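Descriptive analysis of the structure
Residues per chain are reported as follows:
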Amino acid sequence: MKKVFTVGVFDLLHIGHINLFKNARALGDELIVAVQSDECILKYKPEAQMVNTTEERLFMVSSIRYVDHVITYDDVDEIIKQVDFDIFAKGPDQCHAGFQRAVEWCKTHGKEVVVVPRTENISSTILREANPITD
């Protein structure tokens, strides 16, 4: 049984996220999704305007049929060491230093890394720009 693992914020859940989950789940028999905590997001991006709380995002992601398990995380290069998985599925834009360390950890521990393509013309950034959050 192959376990697939992916991570993200998933604040403005959209078709691109659903496609990520669908494509990641197709790589194995079980999909584990880690949702980044509010505290960690605001630690690194204090200007971030979150729409949904960690608990709301956990609920939304867990409601998607392609997802088998949902957990929270702070740093990708730490959670990667704590989850039992075979394949790490990530997006092409997930490349900051923490992801680089996570990918390196996967390589040295016999875990496969698969870059799942983005869905064209959709992203949380596009949605935020089209619908700015106001107080």
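Everything below is about the structure printed above this text.
Here's a quick rundown of the structure. Values in this document were obtained by computation on a predicted structure and should not be read as measured data. (Residues numbered from 1 in each chain as written. Predicted model: local features only at pLDDT ≥ 70, side-chain atom pairs only at ≥ 80, totals over all residues. Heavy atoms only, no water.)

Comments concerning the pattern of salt bridges
Within the structure shown, the criterion is met by 6 salt bridges. Linking glutamate 78 and lysine 81 is a salt bridge whose minimum nitrogen-to-oxygen distance equals 3.7 Å. (Salt bridge = Lys/Arg side-chain N within 4 Å of Asp/Glu carboxyl O.)

Quick look at the sheet that holds strand S2 (residues 30-36)
Spatially, S3-S2-S1-S4-S5 is the arrangement adopted by the 5 strands of the open sheet, whose pairing is parallel. One side of each edge strand has no neighbouring strand; the edge strands of this open sheet are strand S3 (69-73) and strand S5 (112-115). Strand-to-strand, the axes of this sheet are offset by a mean angle of 25°, without reference to chain direction. Here 4 bridges tie strand S4 (residues 87-90) to S5, and the two strands are oriented parallel to one another. When the sheet's bridge partners are listed, phenylalanine 88 is paired in S5 with valine 113. Running over the sheet, helix H1 (residues 15-25) touches strand S1 (3-8), S2 and S4 and is turned about 145° from S2. Across the face of the sheet, helix H5 (residues 97-108) comes into contact with S1, S4 and S5 while running at roughly 155° to S4. (Pairing = 2+ DSSP bridges. Helix = DSSP H or I, 4+ residues; strand = E, 2+ residues; numbered from the N terminus. Axes fitted to C-alpha atoms, helices over the stretch in contact; angles between N-to-C directions. Contact = heavy atoms within 4.5 Å.)

Describing the side chain of glutamate 30
Within the element layout of this structure, glutamate 30 appears in strand S2. In contact with glutamate 30, not counting residues within four places along its chain, are Met1, Lys2, Lys3, Val4, Arg25, Asp68 and His69.

Topic: the packing of aromatic side chains
According to the stated counting rule, one finds 6 aromatic pairs in the structure shown. When the centroid spacing of 6.0 Å and the interplanar angle of 35° are considered together, the rings of phenylalanine 5 and phenylalanine 88 count as tilted. A residue pair is termed long-range when its members are at least 10 positions apart, and phenylalanine 5 in strand S1 and phenylalanine 88 in strand S4 qualify at 83 residues. Accessibility expressed as a relative area gives 0% for phenylalanine 88, which makes it buried. Taken together through their ring pairs, the aromatic side chains of Phe5, Phe85, Phe88, Phe99 and Trp105 make up a single cluster. Lying over the aromatic face of phenylalanine 85, lysine 111 brings its terminal NZ or CZ to 5.1 Å of the ring centre. (Phe/Tyr/Trp six-rings, centres within 6.5 Å; stacked < 30°, edge-to-face > 60°. Buried < 20%, exposed > 50% of the residue type's maximum accessible area, 1.4 Å probe, protein only. Lys NZ or Arg CZ within 6 Å of the ring centre and 35° of its normal.)

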